[in-house]
Amino acid sequence: MSAPAALLHTPLHSLHLELGAKMVPFAGYDMPVSYPAGILAEHRHCRDSAALFDVSHMGQVRLTGADAARALESLMPVDVVGLAVGKQRYGLFTNSAGGILDDLMITRREADGSNDLLLIVNAACKQADTQHLVTHIGHRCQVQPLPERALLALQGPKAVTALARLNPDVARLTFMTGMFATLNGADCFLTRSGYTGEDGFEISVPADQADALARALLAQPEIRPAGLGARDTLRLEAGMCLYGHDISTTTTPVEAGLTWAIQKVRRAGGERAGGYPGADVIDGQLERGASNKRVGLLGLERVPVREGAPLVDAHGHKIGTVTSGTLSPTVNQPIALAYVAANHAALHHEVYAEVRGKRQPMRVTALPFAPHRYVR
């Protein structure tokens, strides 16, 4: 048997150890799951003030060339051509069955047309995504992975106050917009976005300057470090999907409730409809609906319901599966994301999760569980 591959380190690895982080393997990296204050304290601090997350394990890829936007659009059901300079958009790579290969963020960065797109992709998918891009559109544009860049996420209602001390111009950004800016002497690109439902920023910074920038941010009175544990509970309260759990190659954007990410221009009858993998499947589901649907569930008793728990109806018939679940610090009740048969997906419908041989009642509820607080 071959020895397991050594875990990779982000540029902030030494800082995590210095701060007393509990480290765990994640997507091939040694990552902080929490710091001494604990996941609950980190979660609440993000909701109340500002938290700094190291997300440098994620992939950053730059596409350049006059045909870059149209080329990228051929791989996803998203309007990339119409994305304005300085704007960011959520995107999905799809396969021939309409399943989701990965979800990602796309930002058009430069003022000379379609020749600079920054993609942020999931850590576990970044090698496959890069190969996917090179294989299918590498002849139409330049595909440039950016391993020399780190990525920091500063999230929470006081994030802008703290970050503006390093550069006041960042306060001009609104949700899903981006800009180049100097922060602590580093040439950065940041967007006003994130994965918590709170206001905040994601900051691409040269890897060799990431430690100094992180320390400068943590010196601000509002900011404390947070790990993967709080990142997961925060995104779940925000109703956001985690790739490989709530979305995958076997779930379509329609089943996943992500139809808001498919602009009218890319749908059947639109100016640039179809032309991407799985378009016929997705357009068919947009027209007729899907047999399964992702829903939010609120537990009616205080028993946490975790990923993989079967869901049944009042007669004990299997109707779905939980894909993410936790005891929500904000809502103070068990919450979950799940896929259920479409006829059980109506709001307020009651279903039952099987937990250790017992059925726990849950109610279909609107998403998000905790309100988004973006600055638009």
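Here the residue index of a chain counts from 1 through its sequence in written order. It should be noted that, the model being predicted, local features are given only for residues of pLDDT at least 70 and side-chain atom pairs only at 80 or more, the latter also being counted only at that level, while totals for whole chains, interfaces and linings use all residues. The basis for every side-chain value is the complete set of heavy atoms in the structure, and neither hydrogens nor water enter the calculation.

Undergrad: So what's going on with helix H2 (residues 39–48)? Residues and values would help.
TA: Since there are 3.6 residues in each turn of an α-helix, residues three or four apart along the chain are aligned in direction. Among the residues making up H2, those that are buried are Glu-42, His-43, His-45, Cys-46 and Arg-47. Every residue pair with non-hydrogen atoms within 4.5 Å of one another is taken to be in contact. We count a stretch as a helix when DSSP gives it H or I for four or more residues in a row; a strand needs E for two or more, and each element gets its number in order from the N terminus. Among the structural elements, strand S2 (29–34), strand S3 (50–54), strand S9 (149–155), strand S13 (223–225) and helix H7 (228–237) are those in contact with the buried residues of H2. Only protein chains enter the accessibility calculation, which uses a 1.4 Å probe. A residue is then buried if its area is under 20% of the maximum for its type, exposed if over 50%, and partly exposed in between.

Undergrad: Describe the pattern of salt bridges, with residues and values.
TA: Each salt bridge in this description consists of a side-chain nitrogen of Lys or Arg and a carboxyl oxygen of Asp or Glu lying within 4 Å of one another. Inspection of the entire model under this criterion finds 19 salt bridges. The partner of Arg-192 in a salt bridge is Asp-199, with the nearest N and O atoms 2.7 Å apart. Since its relative accessible area comes to 4%, Arg-192 is described here as buried. Salt bridges linked by common partners bring Glu-73, Asp-79, Arg-89, Arg-266 and Arg-272 together as one network.

Undergrad: Describe helix H4 (residues 126–137), listing the residues and the values that go with them.
TA: The span one expects for a helix is its residue count, reduced by one, times 1.5 Å. Given a rise of 1.5 Å per residue, twelve residues ought to cover 16 Å, and the 16 Å separating the end C-alpha atoms of H4 matches this to within 8%. When H4 is considered as a whole, its buried residues turn out to be Asp-129, Thr-130, His-132, Leu-133 and Ile-137. Along the axis of H4, the buried positions cluster into a sector of 155°, meaning they face one direction only. Projecting away from the buried face of H4 at angles above 90 degrees are the exposed residues Gln-127 and Ala-128. Tucked into the core, H4 has its buried residues touching strand S4 (59–64), helix H3 (68–73), strand S5 (88–94), strand S6 (100–108), strand S7 (117–121) and strand S8 (142–145). Here the arc refers to the directions that run from the helix axis out to each C-beta atom.

Undergrad: Quick rundown of the side chain of Gln-60? Include the residues and the values.
TA: Locating Gln-60 in the fold gives a position in strand S4. By relative accessible area, which is 4% here, Gln-60 ends up buried. Side-chain polar atoms of Gln-60 contact the backbone oxygen of Ala-150, separated by 3.1 Å. Pairs of N or O atoms are called polar contacts if they sit within 3.5 Å, as long as, within protein, a hydrogen donor faces a hydrogen acceptor (for residues adjacent in sequence, only side-chain-to-side-chain pairs). At 2.6 Å, the side chain of Gln-60 and the side chain of Ser-204 are in polar contact. Each residue touching Gln-60, except ones within four places of it in the same chain, is listed here: Leu-118, Leu-119, Ile-120, Gln-144, Pro-145, Leu-146, Arg-149, Ala-150, Leu-151 and Ser-204.

Undergrad: Outline the nonpolar core, supporting the account with residue identities and numerical values.
TA: Phe-53, Tyr-90, Ile-100, Ile-247 and Leu-258 are the most contacted members of the largest nonpolar core, which has 32 residues in total. Contributions of two or more residues to this core are made by S3, S5, S6, S7, S9 and H7. Beyond its immediate sequence surroundings of up to four residues, Tyr-90 is in contact with Val-78, Asp-103, Leu-104, Met-105, Met-176, Ile-247, Leu-258, Trp-260 and Ala-261. We call a set of buried residues a nonpolar core when its members are Ala, Val, Leu, Ile, Met, Phe, Trp, Tyr or Cys and they connect through side-chain atoms within 4.5 Å of each other. Judged by nonpolar contacts, the second largest core, of 27 residues, contains Leu-152, Leu-163, Ala-210 and Ala-214.

Undergrad: Tell me about the pairing of strand S16 (residues 318–327), and name the residues and values.
TA: Regular strands place their side chains on alternate faces of the sheet. Where burial is concerned, most of S16 is hidden: seven out of the ten residues are buried. At least two DSSP bridges between two strands are required for those strands to pair. With three bridges connecting them, strand S15 (residues 310–312) and S16 associate as antiparallel partners. Its bridge partner lying in S16, Leu-311 is registered against Gly-320. In this antiparallel pair of consecutive strands, S15 and S16, the connection spans five residues, and Gly-316 shows a positive phi of 85°. Summarising the sheet, S16 and strand S17 (residues 334–341) pair through seven bridges and their orientation is antiparallel. Opposite Val-322, over in S17, you have Ala-338 as the bridge partner. Taken together, S16 and the strand that follows it, S17, pair antiparallel across an intervening segment of six residues, in which Asn-332 is found at a positive phi of about 60°.

Undergrad: Would you mind going over the sheet that holds strand S12 (residues 200–206) in detail, with residue names and values included?
TA: One open sheet holds the six strands; their spatial order is S10-S11-S12-S9-S3-S13, and the pairing between them is mixed. The open sheet terminates on both sides in strands that have one partner only, identified here as strand S10 (178–183) and S13. Here the strands of the sheet are splayed against their neighbours by 30° on average, with no regard to which way each runs. Judged from the four bridges that link them, S3 and S9 form a sheet pairing that is antiparallel. Note on S9: the bridge partner recorded for Leu-52 is Leu-154. Note on method: axes are straight lines fitted to C-alpha atoms, helices fitted across the in-contact stretch only, with angles between N-to-C directions ranging 0 to 180 degrees.

Undergrad: Quick rundown of the pairing of strand S1 (residues 22–26)? Include the residues and the values.
TA: Where S1 and S2 come together, five bridges link them in antiparallel fashion. Within the sheet, the bridge partner assigned to Val-24 lies in S2 and is Met-31. If you look at the hairpin formed by S1 and S2, you'll find two residues sitting between the two strands, and Ala-27 has a positive phi there, around 50°.

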